Amino acid sequence: MFNLENKTAIISGGSKGIGKAIALKLAEAGANIVVCSRKIENLENCHKEAVENGYEIDIVECNTSDKESIKKVVDFTIEKFSKIDILINNAATNPYYGPILDSEDSHWDKILDVNIKGYFNFAKICSDSMIENKSGKIINVSSIAAKTPLEGLGVYNISKAAVVMLTKVLAKEMAKDNIQVNTLAPGLIKTDFSKALWDNDEIYNKIVKTIPQGRMGEPEDIAGMALYLSSNASDFITGSLFTVDGGLTT
Ligand code: NAP
């Protein structure tokens, strides 16, 4: 059920953090992996780690706020593997921290371009292959910020809530073509993105007290759910939201 041999997966923002853990987990399950992100040094580090673990993965530079850039990743993947079975929409950004009333147009534009339009465009451009094959899995990485607002992250919270609705709309429209679309909502996970929460002992100790399981998650804690949602084990599940947060939002 969890075997991904002969499947091809694209992971956006797969060069580090949660995306990298998902890429390595899907590679372990046998999938062909194409990882994309903006910075070549991050991609090369990711490639090195994959090779050290015995996996062959491909890396492609891409900024998901640019449709042409997404198209290049998809064209590369189709040329090399003929089809796309799995899309992990994971690359997200947050250039602004503070009260939402002080946020500016430029913050909204950047956040919505990457966190929402980037996810939609990736799904749309991959859909040709998935519809042709009458098979596909799209996993949109949102956040617990979609369920309960995280302080100082207003615009980001809104973008992550929009990911949940994007998932539901795509799930309903794509069901007839046997494409399942689901949301994965991580809790607080130790990555560069959340560094401000864990590289200061005082802040970290305060935060873990709010998490029933008593720790922040590791990127690998998210990878198992991504594998489940990418595999035949989840074939009758679409439009749903899966939270992985150690009980934080329970
Ligand atoms: P991370 O460690 O900072 O990794 C982000 C990845 O996205 C990197 O590979 C980065 O590589 C890439 N990226 C950023 N902007 C991009 C763009 N415009 N185009 C293409 N790639 C881009 O962050 P993370 O914590 O793993 O976050 C991954 C996902 O989990 C995000 O959707 C985030 O919202 C979500 N999440 C994280 C947490 C948490 O606590 N960490 C909690 C809830 C949800 P480059 O810099 O090379 O582009």
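Relevant structure appears above.
A brief report on the enclosed structure follows. This structure is a prediction, so every number in the text was calculated from the model and none was measured.

## Considerations on the site of the ligand
Close contacts around the ligand come from 31 residues, with Ser15, Arg38, Asn90, Tyr156 and Thr191 the closest. Taking Lys160, its side chain carries an N or O atom lying 2.9 Å from an oxygen atom of the ligand. In the complex, the protein chains occlude 96% of the 890 Å² of accessible area that the ligand would expose alone.

## Some words on the pairing of strand E3 (residues 57-61)
Where strand E2 (residues 32-37) lies against E3, five bridges are found, and the strand directions are parallel. Paired with Cys36 across the two strands is Val60, which belongs to E3. Regarding topology, helix H2 (residues 40-52) serves as the crossover connection from E2 to the parallel E3, and that connection is right-handed.

## Observations concerning the pairing of strand E5 (residues 136-141)
Of all six residues in E5, six are buried, a share of seventy percent or more. Judged by which residues are buried, E5 turns out to be covered on both faces: Gly136, Ile138 and Asn140 on one side and Lys137, Ile139 and Val141 on the other are all buried. Relative to E5, strand E4 (residues 86-89) runs parallel, the two sharing four bridges. The partner of Ile88 across the bridge, within E5, is Ile139. In this fold, the crossover linking E4 to E5 by way of helix H4 (residues 105-133) has right-handed handedness. Bridge analysis of E5 against strand E6 (residues 179-186) gives six bridges, and the strand direction is parallel. Among the inter-strand pairings, Lys137 is bridged to a residue of E6, identified as Gln180. Taken together, E5, helix H5 (residues 154-174) and E6 constitute a β-α-β crossover, and its handedness is right-handed.

## Remarks on the packing of aromatic side chains
This structure, assessed with the given rule, holds three aromatic pairs. Ring geometry for Phe2 and Tyr228: centres 6.5 Å apart, planes at 40°, overall tilted. In this pair, Phe2 is assigned in the segment before strand E1 (8-12) and Tyr228 in helix H8 (residues 219-230), connecting sequence segments 226 residues apart. Judged by centre distance (5.7 Å) and plane angle (45°), the rings of Tyr156 and Phe193 are tilted. Of this pair, Tyr156 sits in helix H5 while Phe193 sits in the loop between E6 and helix H6 (195-198), and the two are 37 residues apart along the sequence. Members of the aromatic cluster, each reached through a chain of ring pairs, are Phe2, Tyr228 and Phe242.

## Some remarks on a nonpolar patch on the surface
Together, Ile100, Leu101 and Ile158 make up an exposed nonpolar region whose accessible area comes to about 310 Å². Secondary-structure assignment places Leu101 in the loop between E4 and H4. Taking the relative accessible area as the measure of exposure, Leu101 reaches 79% and is therefore exposed.

## Here's the deal with the side chain of Lys137
When you line up the elements, Lys137 lands in strand E5. Within polar-contact distance, the side chain of Lys137 engages the side chain of Ser234 at 3.2 Å. Reaching out from Lys137, the side chain makes a polar contact with the side chain of Asp235 at a distance of 2.8 Å. Not counting residues within four places of it along the chain, the set of residues in contact with Lys137 comprises Asp85, Ile86, Leu87, Met130, Gln180, Leu229, Ser230, Ser231, Ser234 and Asp235.

## Thoughts on the side chain of Ser142
The residue Ser142 is located in the loop between E5 and H5 in this model. If sequence neighbours within four positions are ignored, Ser142 has contacts with Lys160, Val163, Val164, Thr183, Leu184, Ala185 and Pro186.

## Structural notes on the sheet that holds E3
Strands sit in the order E3-E2-E1-E4-E5-E6-E7 across an open sheet of seven strands; the sheet is parallel. The open sheet has two edge strands, E3 and strand E7 (241-244), and neither has a second partner. Shown here is a sheet whose adjacent strand axes are inclined to one another by a mean of 20°, direction ignored. The strands touched by helix H3 (residues 67-81) are E1, E2 and E3; relative to E3, the strand with the most contacts, the crossing angle is about 155°. This element, H5, spans E5, E6 and E7 of the sheet and lies at about 165° to E6.

What counts and what doesn't
- Residues numbered from 1 in each chain as written.
- Predicted model: local features only at pLDDT ≥ 70, side-chain atom pairs only at ≥ 80, totals over all residues.
- Heavy atoms only, no water.
- Near = heavy atom within 4 Å.
- Polar contact = N/O pair within 3.5 Å; in protein donor to acceptor, adjacent residues only side chain to side chain.
- Areas by Shrake-Rupley, 256 points an atom, 1.4 Å probe, with all protein chains shown as cover.
- Pairing = 2+ DSSP bridges.
- Helix = DSSP H or I, 4+ residues; strand = E, 2+ residues; numbered from the N terminus.
- Right-handed = clockwise from strand over helix to strand, strands pointing away.
- Buried < 20%, exposed > 50% of the residue type's maximum accessible area, 1.4 Å probe, protein only.
- Phe/Tyr/Trp six-rings, centres within 6.5 Å; stacked < 30°, edge-to-face > 60°.
- Patch = residues over 30% accessible without salt bridge, like charges linked within 9 Å, V, L, I, M, F, W, Y side chains within 5 Å.
- Salt bridge = Lys/Arg side-chain N within 4 Å of Asp/Glu carboxyl O.
- Contact = heavy atoms within 4.5 Å.
- Axes fitted to C-alpha atoms, helices over the stretch in contact; angles between N-to-C directions.

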